[in-house]
Amino acid sequence: MYGLSEEDLQIQARARGFADELIPFEDEAERADGELPPDVTAAHAKRARELGLHSTNMPAELGGGGCTSLQQVLVQEQMGRVTNALGWVAATPPSWLPAVATPDQIDRYVRPAIAGEREECYAITEEGAGSDVDAIAATARRDGDGNYLLNGVKWHVTSYNSADFAFFQARLDGGPHHGEHAMFLVDLPSPGVRVVRTPAYSHTISHHHPIVAFEDVRVPAANLVGAEGDGMAFAYEWFRFERLMVAARCLGAAGRLVDEMTAFAAARVVGGQPISEYGLVAGMLADSLTELFAARALVYETARGIDHGADVKVSHAQCSMAKLYSSEMAGRVADRAVQVFGGRGYMRENVAERFFRELRVERIWEGTSEIQRMIIARQMTKRTPARLA
Ligand SMILES: Cc1cc2nc3c(=O)[nH]c(=O)nc-3n(C[C@H](O)[C@H](O)[C@H](O)COP(=O)(O)OP(=O)(O)OC[C@H]3O[C@@H](n4cnc5c(N)ncnc54)[C@H](O)[C@@H]3O)c2cc1C
């Protein structure tokens, strides 16, 4: 099905097997605020690397997997079958970075990230700037010694508690590019970087999303990514990739839920017959699989387009469509799965309950559903719908 090559099927099977190894740890993680013992997490990360599931998106010449976009989707889809973010050990370091990084940055950040020795986090969103990234107030100012002084308060900095460097996006204060954006690499910890607070979120995962203040943080000019004024371009490229991977993980989540709720509905006898034989329940099962099939076809086709060199604007719109449809589909499937499981579906030990909470953010981060719709509609009027789908 889906015209996958032998190589595609092999990496998909490896990822599926690894996801099946992680699933038994979900309940323990759920009961411990998402945390597993550090040696267990380290073993999972090691296994992901051994299986070639880590850095699938990074160039082979730098030690990455060098996988096609479709293969990256196949791997992330399987990781999406696991709750509590346990599949995040199959990490995807910033694939946009090698093309713009200096040789020094490749050595200090890219290679170690690919080897699993360093981990990044993104400090872009602010209290007054989420959907509208251009509204950021953080600043970067050159001091007399050729360093930059960074200031700003960033929100929702995912994985700050495990990361050892951050991408910090700021508006340039002074100089020829005054007012434009720039992106910086900030080593963690660094003087002047502090956690303001760590709010609790709906999901139960070990990766925190603190509010982080950057106060007169001094970074060398060597930590500027690309050139002054380039900042927004990097964010857009990353959004394209991440939106496709969000879509892929939503496929996996929905697939797991479809499997689990189908098995439950076939086995659960109420009123003398399996609940799957009641039309109202059968309808929930059938709608879920039908929508999953549609989403998978959309996501795989979008990935194939990228692999075949599709126009970047077309891919941008298609990645938005993939994320929009898959995240909304997975949300509907999770809601139905809770319903099919009945009271059991409301228990935190049940996969449907966990996904019901966890999947909600897929419609918010990496651009909300409303923003995806705006992007798609804008491309429709610029390029005609026929070029996009
Ligand atoms: C768990 C989590 C982790 C995150 N991790 C990170 C991270 O690691 N790094 C990082 O930088 N950010 C991160 N974010 C931030 C995330 O990307 C933003 O929350 C998201 O982009 C939305 O921005 P906002 O929350 O400011 O909402 P707002 O932009 O304030 O939007 C509020 C509402 O208005 C709607 N809206 C806004 N603009 C429009 C428009 N033009 N048209 C129609 N509707 C509109 C939105 O769709 C939404 O419904 C994370 C968020 C969460 C919840």
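Figured I'd write up the structure that's included with this text. (Residues numbered from 1 in each chain as written. Predicted model: local features only at pLDDT ≥ 70, side-chain atom pairs only at ≥ 80, totals over all residues. Heavy atoms only, no water.)

**Section: the site of the ligand**
Our working definition: Near is defined per residue: the residue qualifies when any heavy atom it owns lies within 4 Å of the molecule or strand. N or O atoms closer than or at 3.5 Å make up a polar contact, with two conditions inside protein: a donor-capable atom paired with an acceptor-capable one, and, for residues adjacent in sequence, both atoms drawn from side chains. In these tables, accessible area is a Shrake-Rupley quantity obtained with a 1.4 Å probe, and a residue counts as shielded only by the protein chains included in the view.
With respect to spatial proximity, 16 residues lie near the ligand, and among them Thr125, Ser131, Thr158, Thr368 and Glu370 are the closest. Between the ligand and the protein, one listed contact pairs a nitrogen atom with a side-chain N or O atom of Thr158 at 2.6 Å. In the environment of the ligand, an oxygen atom lies 2.7 Å from a nitrogen or oxygen atom belonging to the side chain of Thr368. When the ligand is considered free in solution it has 980 Å² of accessible area, and contact with the protein chains removes 63% of it.

**A closer look at the environment of Asn350**
Here is the rule: Numbering goes from the N terminus for both helices and strands, where a helix is a DSSP run of H or I of at least four residues and a strand is a run of E of at least two. Buried, partly exposed and exposed residues are distinguished by accessible area as a fraction of the type maximum, computed with a 1.4 Å probe on protein chains only: under 20%, between the cut-offs, and over 50%, respectively. Throughout, a residue-residue contact means that at least one pair of heavy atoms, one from each residue, lies within 4.5 Å.
Among the structural elements, Asn350 can be located in the loop between α9 (312-341) and α10 (351-358). With a relative accessible area of 11%, Asn350 lands in the buried category. Once the C-alpha coordinates of Asn350 and Val193 are considered, the two residues, 157 residues apart in sequence, prove to be 39 Å apart. With sequence-adjacent residues up to four places away left out, Asn350 is seen in contact with Phe341, Arg344 and Gly345. In this structure the side chain of Asn350 is engaged in a polar contact, spanning 3.4 Å, whose partner is the backbone oxygen of Arg344.

**Things to note about helix α7 (residues 231-267)**
Heads up, the rule is: The length a helix should cover is 1.5 Å for every residue beyond the first.
Over its 37 residues, α7 runs 54 Å from end to end, which matches the ideal 54 Å to within 8%, given 1.5 Å per residue. By the criterion of burial, α7 is predominantly enclosed, with 28 of the 37 residues buried.

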